[in-house]
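Working through the structure, step by step
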Amino acid sequence: MESKDLYRHLLGLSEPWTVERVDLDVAKQHVDVYVEHPNGTRFACPECGQEYGVYDHLATRVWRHLDSCQFLTYLHASPPRISCPEHGVRQARLPWAEEGSRFTHLFEVLAIDLLQAANVKRAAQILRISWDQAWHLMERAVLRGRAGKESALPRQIGIDEKAIAKGHQGRKPHTVGRQ
Ligand SMILES: [Zn+2]
């Protein structure tokens, strides 16, 4: 299997998104995956679902994805925008991440599991993200729960505010893993 195909599967990408290029930087221990869609693709308005041709693209953004064999893995893409007569110029939904997140869905699922099993500091170390990023991920999970919205993540996240409060006060690190 070619690396492009491999990463298309690992990222769970489907039409119209494809992997255009995979760059491996051994010195930096990075894998950079560049994702594109073909010209002429139509995207749905995130409000009404009506499909439109691409209006323009935002500057390329980067999302952290699950590591590939200890290599930090990043997805790069330019989010397309559509122009809906009713809802204006809007960014199309991206299948791999929630709007505003710097992490893919799959990375967030792992992060939330770890944050439930370990304190924020330890989870951040394991995930190789900053304490602030870990805290932000947790806050977003709580907000999703509080809003009572159906989570866009592939499965339910159970997290309570008490656990967060404990983590915030620097609960003693303990063994990571389900107990
Ligand atoms: Zn619309």
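In short, a report on the structure. (Residues numbered from 1 in each chain as written. Predicted model: local features only at pLDDT ≥ 70, side-chain atom pairs only at ≥ 80, totals over all residues. Heavy atoms only, no water.)

1. Remarks on the layout of surface pockets
For clarity, the cut-off: Cavities and pockets are defined on a 1 Å grid built over the protein atoms alone: a cavity is a set of grid points where a 1.4 Å probe fits but cannot escape, while a pocket is an open set with protein on both sides within 12 Å along at least five of seven lines, and lining residues are those with an atom within 4 Å of any such point. Grid points are joined across faces, edges and corners, and a volume is the space filled by probe spheres set on the points. In the scheme used here, Gly and all other residues not listed as nonpolar or charged are polar, with Ala, Val, Leu, Ile, Met, Phe, Trp, Tyr, Cys and Pro taken as nonpolar and Asp, Glu, Lys and Arg as charged.
Of the pockets and cavities examined, the largest pocket occupies roughly 310 Å³. Lining the largest pocket are 16 residues, and of these Arg93, Leu94, Ala97, Glu98 and Glu99 lie nearest its centre. Tallied by class, residues from the lining of the largest pocket come to seven nonpolar, three polar and six charged.

2. Some words on the sheet that holds strand β5 (residues 56-57)
Inclusion rule: The pairing criterion for strands is at least two bridges between them, as found by DSSP. Where helices and strands are cited, they refer to DSSP runs of H or I of at least four residues and of E of at least two residues respectively, numbered from the N terminus.
The strand order β5-β8-β9 describes an open sheet built from three strands, whose pairing is antiparallel. Only two strands of the sheet have a single partner each, and these edge strands are β5 and β9 (88-91). Pairing between strand β8 (residues 80-84) and β9: four bridges, direction antiparallel. Note on β9: the bridge partner recorded for Ile82 is Arg90.

3. Overview of the sheet that holds strand β1 (residues 18-25)
Rules: In this analysis, axes come from line fits to C-alpha atoms, helices being fitted only over the stretch in contact, and the angle between any two N-to-C directions falls in the range 0 to 180 degrees. Any two residues having at least one pair of non-hydrogen atoms within 4.5 Å are treated as being in contact.
Sheet architecture is open: four strands sit in the order β1-β2-β7-β6, paired in mixed fashion. Of all the strands in the sheet, just β1 and β6 (61-68) have a single pairing partner and so form its edges. Pairwise comparison of adjacent strand axes, ignoring direction, gives a mean angle of 25° for this sheet. Sheet topology note: the β6/strand β7 (residues 71-77) ladder contains six bridges and is antiparallel. Paired with Trp63 across the strands is Leu75, a residue of β7. Lying over the sheet, helix α1 (residues 3-10) contacts β1, β2 (30-36), β6 and β7, oriented at roughly 105° with respect to β1.

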